[in-house]
Amino acid sequence: MKIQLAIISDIHANIIALDAVLADISKRGITQIYCLGDLVDFAPWGNEVIARIQEKNILCLLGNHDQRIAFDEAIIPLPHHDVQETLNREIAINLSKEEISAPHKKWLATLPYNIELTFKTGKSLRKILLVHASLQSNDKYIHQSTPKADLSAQLKKKTIDILVMGHTHHSYIQQSEDILFVNCGSVGRSKEKDRKATYSIITLSKEGMEAQIVKVDYPITEVAKAIYSSDIPDFYGDFLIK
């Protein structure tokens, strides 16, 4: 028997990409779906995305963008952003603070920082840890190039077999120190060249553990046009199509 999980992350208010991914997951017959957070900011459908996640009863983590909206936290400039992106980011996030409904903000504030899952496959127990960005922080970036020795040691103490994360908007699968590291990429604002909606599938069986990255086509230009027609800076529409 195989157990399959679909892991999605970083929707960023892109309901069109989210619906395309959910349709792909449904076609594959996968019923267990987990979301690693960042439902809001940068596209016009923040409330719609939250409502869809609620409607589908998808277990969801609190992403750093969700946290900022839920608790009305200050917008802190990021060192890797230039002046233009810093200004546009502030405008877009402030729009979310205005537009996300009070009930949705209250719901975001209840989301957990991580989820630990344990499954029995054959005679073995497999443990998966889901985080938005890292074990201790919702803002730390764990890239494929990030050294994994210290992180692997922490995970071994917790007897974790697989760490699944998002946040960077770059998907990858990497084996290190008997730990499988999976970044499931971004559904709604991929930073990969193809900009496709990206998620991951984890497969567990008595033979072992496997991960795959799935990329889904969706009408990106339609999303860009909706951004251009909204108060969100054109910067975020240009990002998707240029």
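A. Fine view of the environment of A6. Note on placement: A6 falls in strand β1 (residues 3-8). With 205 residues separating them along the chain, A6 and A211 place their C-alpha atoms 9.9 Å apart.

B. The arrangement of the pattern of salt bridges in detail. Scanning the entire structure with this criterion turns up 10 salt bridges. Residue E177 is joined to K156 by a salt bridge in which the shortest nitrogen-to-oxygen separation is 3.6 Å. Of this pair, E177 sits in the loop between β7 (172-176) and β8 (179-183) while K156 sits in helix α6 (residues 149-157), and the two are 21 residues apart along the sequence. Assessed through its relative accessible area of 47%, E177 is described here as partly exposed. Counted as one network, the salt bridges with shared partners bring together D19, R52 and E55.

C. Looking closely at the pairing of strand β4 (residues 114-121). Across the two faces of β4 the burial differs, with I115, L117, F119 and T121 buried and N114, E116, T118 and K120 not buried at all. With 8 bridges joining them, β4 and strand β5 (residues 124-131) adopt antiparallel strand pairing. Paired with L117 across the two strands is I128, which belongs to β5. The hairpin formed by β4 and β5 contains 2 residues between the paired strands, and G122 there has a positive phi angle of roughly 65 degrees.

Basis of the calculations
Residues numbered from 1 in each chain as written. Predicted model: local features only at pLDDT ≥ 70, side-chain atom pairs only at ≥ 80, totals over all residues. Heavy atoms only, no water. Helix = DSSP H or I, 4+ residues; strand = E, 2+ residues; numbered from the N terminus. Salt bridge = Lys/Arg side-chain N within 4 Å of Asp/Glu carboxyl O. Buried < 20%, exposed > 50% of the residue type's maximum accessible area, 1.4 Å probe, protein only. Pairing = 2+ DSSP bridges.

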